[in-house]
Amino acid sequence: MKRFVLVQISALFVFCTSAFCFQRIISLSPQLTKEIYLLGAEDKLVGCTIYAPSYAKNKEKVGTVTEANLEKVIELKPDLVLVTPLTNAKEVEKLRKLGIKIAFFPEARSFNELCEQFLELAKLVGKEEKARRIVQKVRKEAELLRNRTRDMDKTRVFIEVGARPLFTVNRDSFINDLIEFAGGENIAKNAKSGLYSREKVLKENPDVIIIVTMGIIGENEKEKWLRYKCLKAVKNKRIYIIDSDKICAPTPVSFVNTLKEMVEILHPGTKWIKN
């Protein structure tokens, strides 16, 4: 008799057996799409969003992160659809009512949760052993970097992840771990939400400002910050722009790669990070 295993991912449930894993998967998250490729399970991916990485260009596109083409999704006959909090809830409910299994992955609040969700995804595609090896390796690398920056002077950081309105991250985001593991202190760590104001940034006067974005928006935001001559980050020319793909949609592996880059930003001249 086949043994059924209940895998819980947030509030929704997905069933898998010890002898069977899902074979036709649609990913409505660029991050989850990248993780499927990292696991070497891309043969199971039949559809993804238009914002998927370039190496998924040959996969069928079923819409955006927030709006899926339900007709296209149904046409592809998936046995599992991967969704996130950004996925349209009404569309998710329609798919569920049609009998399509849904796996819901909430936003990771820490590096540890990022790794745990990666392991859960691996269960769904039959790549648990490979995922465990990957997670073991990146956790060791992250801990090494964290230990080496632990006794350094903390660089106070403001990270901007949205411009209109100004938006940052508090302690309930894996991005906070990215800052702290790199030897930084997130000035918005204790904020009630990600909504922030330029007045608060001026009051906290961070050593570094990091703008998370793509294209011209980042340069425009940098110009705005440069008007505030009293800021330490302006005086010391420590305003940086970093691609949102590195920060906002990481796999466990790319988290560690971005962590190394973050160490270089917060502690210029550090030589050991690539060892």
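The model shown is predicted, which means the values in this text are computed figures rather than measured ones.

What counts and what doesn't
- Residues numbered from 1 in each chain as written.
- Predicted model: local features only at pLDDT ≥ 70, side-chain atom pairs only at ≥ 80, totals over all residues.
- Heavy atoms only, no water.
- Helix = DSSP H or I, 4+ residues; strand = E, 2+ residues; numbered from the N terminus.
- Buried < 20%, exposed > 50% of the residue type's maximum accessible area, 1.4 Å probe, protein only.
- Contact = heavy atoms within 4.5 Å.
- Areas by Shrake-Rupley, 256 points an atom, 1.4 Å probe, with all protein chains shown as cover.
- Axes fitted to C-alpha atoms, helices over the stretch in contact; angles between N-to-C directions.
- Parallel < 35°, antiparallel > 145°, perpendicular 65-115°, else oblique.
- Left-handed = near helix turned anticlockwise from the far one by under 90°.
- Nonpolar A, V, L, I, M, F, W, Y, C, P; charged D, E, K, R; others polar.
- Pairing = 2+ DSSP bridges.
- Phe/Tyr/Trp six-rings, centres within 6.5 Å; stacked < 30°, edge-to-face > 60°.
- Lys NZ or Arg CZ within 6 Å of the ring centre and 35° of its normal.

Enquirer: I tried to follow the overall build of the protein on my own but got confused; where do I start?
Expert: Of the regular secondary structure elements, the protein holds 11 helices and 11 strands. Here the protein holds 275 residues, and 51% of them are scored as buried. Residue pairs in contact within the protein that sit at least 24 positions apart in sequence constitute 58% of those at least 6 positions apart. Per element, the accessible surface of the protein, about 14400 Å² overall, is 52% carbon and sulfur.

Enquirer: Explain the packing of helix α5 (residues 128–149) against helix α11 (residues 252–266) here, please?
Expert: Relative orientation and spacing of two packed helices are given, respectively, by the angle between their axes and the distance between those axes. One can describe the packing of α5 onto α11 by two numbers: an axis separation of 9 Å at closest approach and a directional angle of 15 degrees. In terms of orientation, α5 and α11 fall into the roughly parallel class. Along this stretch, α5 crosses α11, giving a crossing that reads as left-handed. Here α5 contributes Ile134, Val138, Glu141, Ala142, Leu145 and Thr149 to the contact with α11, which in turn contributes Pro252, Val253, Val256, Leu259, Lys260 and Val263. Class assignment for the residues of the contact of α5 with α11 results in 9 nonpolar, 1 polar and 2 charged.

Enquirer: How should I be thinking about helix α1 (residues 30–38) in this particular structure?
Expert: Along an α-helix, residues three or four positions apart point the same way, because every turn accommodates 3.6 residues. For α1, the buried fraction is high: 8 of the 9 residues fall into the buried class. If you check which residues of α1 are buried, you get Pro30, Gln31, Leu32, Thr33, Lys34, Glu35, Ile36 and Tyr37. As for α1, its buried residues are in contact with β3 (25–27), β4 (45–48), β6 (80–83), α4 (111–125), α10 (244–248) and α11. Just downstream of α1 lies Gly40, where phi reads positive at about 75 degrees.

Enquirer: Mind showing me how you'd approach the sheet that holds strand β8 (residues 155–160) here?
Expert: One open sheet accounts for 4 strands, arranged β9-β8-β10-β11; its pairing is parallel. The two strands at the open ends of the sheet, each matched to only one other strand, are β9 (184–186) and β11 (239–243). Within the sheet, the average angular offset between the axes of one strand and its neighbour, ignoring direction, is 35 degrees. In terms of strand pairing, β8 meets β9 through 3 bridges, oriented parallel. In the strand pairing of β9, Arg156 is matched with Glu185. Packed on one face of the sheet, helix α6 (residues 174–181) meets β8 and β9 and runs near 145 degrees to β9.

Enquirer: Teacher, can you tell me more about the packing of aromatic side chains here?
Expert: As enumerated under the stated definition, the model contains 7 aromatic pairs in all. Site record: aromatic cluster; members linked through ring pairs are Phe158, Tyr196, Trp225 and Tyr228. Here Arg198 stacks its cationic end above the ring of Trp225, 4.6 Å away from the centre of that ring. The cationic tip of Lys200 hangs over the ring face of Tyr196; the distance from NZ or CZ to the ring centre is 5.2 Å.

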